[in-house]
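Observations on chain architecture
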Amino acid sequence: AQSVTQPDIHITVSEGASLELRCNYSYGATPYLFWYVQSPGQGLQLLLKYFSGDTLVQGIKGFEAEFKRSQSSFNLRKPSVHWSDAAEYFCAVGDYGGSQGNLIFGKGTKLSVKP
Amino acid sequence: GAVVSQHPSWVICKSGTSVKIECRSLDFQATTMFWYRQFPKQSLMLMATSNEGSKATYEQGVEKDKFLINHASLTLSTLTVTSAHPEDSSFYICSAKGTSNQPQHFGDGTRLSIL
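Since the model is a prediction, treat every value here as computed from it, not as a measurement. (Residues numbered from 1 in each chain as written. Chains lettered and ligands numbered in written order. Predicted model: local features only at pLDDT ≥ 70, side-chain atom pairs only at ≥ 80, totals over all residues. Heavy atoms only, no water.)

A short note on the interface of chain A and chain B
- Contacts between chain A and chain B engage 19 residues on the former and 23 residues on the latter.
- For the pair chain A and chain B, the two sides together bury roughly 1,600 Å², of which 52% comes from carbon and sulfur.
- Joining chain A to chain B, the criterion identifies zero salt bridges.
- One can count four residue pairs in polar contact (both at pLDDT 80 or more) joining chain A with chain B.
- Breaking the side of chain A that touches chain B down by element, the ones donating at least two residues are β5 (32–38), β6 (44–50) and β11 (103–105) of chain A. (Contact = heavy atoms within 4.5 Å. Buried area = accessible area lost by both parts, 1.4 Å probe. Salt bridge = Lys/Arg side-chain N within 4 Å of Asp/Glu carboxyl O. Polar contact = N/O pair within 3.5 Å; in protein donor to acceptor, adjacent residues only side chain to side chain. Helix = DSSP H or I, 4+ residues; strand = E, 2+ residues; numbered from the N terminus.)

So, in structure tokens, the structure goes:
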């Protein structure tokens, strides 16, 4: 079955510390992978996406993610977290090859940043 | 670029009334639009997918007569919650995508509260 797992429900890091949010997926076809961020009461903003090519992708706001096919993972990283990064982060997988692009979302990881 | 506008952002209404939510792609043509529902502290649940000019495809368990979706143009889709009841209270988010290899871009969501 197709699924996305974000093992960490809630993570707290200190401002300036590094961050890694985990994402594992199960997908039958070639996956297209995404990370979105959601601030309270808001919609989702795309941070970055992986379709093909270089497995290390750069996104907005200083985020990056690395696709590791052998581990079925697409972990999100940031070297130095800012207080404004506190939000909910969603990993998603989709198939853009021939479908309408339906996304399967993980349950999200809430990031808190302490001063 | 790739801005999706969702309106209204918050609506409160009495039980039994119908509520229409609009989703517009402001700077691109959205061949496909998606409607999601998000419960508190949960991930997004896909309700339906709509392509311009055709009937929406509803996910299993979503009542098509309850949640009417219209995608009349390449820039506008509407979701009408008919005869809304308190259990329909939720956060509804739309997204839109253009060509096949484009990611989904999300609106800011609509907080629906049924009294």
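Remarks on the pattern of salt bridges
All names here are of chain A.
- Here the structure, examined in full by the defined rule, presents six salt bridges over all chains.
- One salt bridge in this structure joins Asp8 and Arg22, with 2.9 Å as the shortest N-O distance. Residue Asp8 is found in the loop between β1 (3–5) and β2 (10–14), and its partner Arg22 is found in the loop between β3 (19–21) and β4 (24–26); the two are separated by 14 residues along the sequence.
- Note that Arg77 is salt-bridged to Glu66, the shortest N-O span being 3.3 Å. Of this pair, Arg77 sits in strand β9 (residues 73–78) while Glu66 sits in strand β8 (residues 64–68); the two residues are 11 residues apart in sequence, bridging distant segments of the chain.

Overview of the packing of aromatic side chains
- Per the counting criterion, the structure on display carries 15 aromatic pairs over all chains.
- Between Phe34(A) and Phe51(A), the ring centres sit 5.8 Å apart and the planes meet at 80°, which makes this aromatic pair edge-to-face. With Phe34(A) in strand β5 and Phe51(A) in the loop between β6 and β7 (56–58), this residue pair connects regions lying 17 residues apart in the sequence. As far as the burial class goes, Phe34(A) and Phe51(A) line up, both buried.
- Relative to Phe74(A), the ring of Tyr50(A) lies with its centre 6.5 Å away and its plane at 45°, an arrangement referred to as tilted. You can see Tyr50(A) sitting in strand β6 and its partner Phe74(A) sitting in strand β9, a full 24 residues away along the chain. Of the two residues examined, Tyr50(A) and Phe74(A), each falls in the buried class.
- Among the aromatic residues, those joined into a ring-pair cluster are Tyr32(A), Phe34(A), Tyr36(A), Phe51(A), Phe90(A), Phe105(A), Phe34(B), Tyr36(B) and Phe106(B).
- Across the ring face of Phe51(A), the terminal group of Lys49(A) is positioned such that the distance to the ring centre comes to 6.0 Å. (Phe/Tyr/Trp six-rings, centres within 6.5 Å; stacked < 30°, edge-to-face > 60°. Buried < 20%, exposed > 50% of the residue type's maximum accessible area, 1.4 Å probe, protein only. Lys NZ or Arg CZ within 6 Å of the ring centre and 35° of its normal.)

A few points about the sheet that holds strand β8 (residues 76–81) of chain B
Residue and element names in this part refer to chain B.
- Within the open sheet, the four strands sit side by side as β1-β3-β8-β7. Their pairing is antiparallel. On the outer flanks of this sheet lie β1 (4–7) and β7 (67–73), each paired with one strand and no other. Going from strand to strand, the sheet's axes swing by 15° on average, the running direction of each strand aside.
- In the sheet, β7 pairs with β8 via five bridges, with the strands oriented antiparallel. Bridge pairing links Asn70 to Thr78 in β8. (Pairing = 2+ DSSP bridges. Axes fitted to C-alpha atoms, helices over the stretch in contact; angles between N-to-C directions.)

So, to be careful, I would describe these as geometric facts and stop short of saying anything about function.
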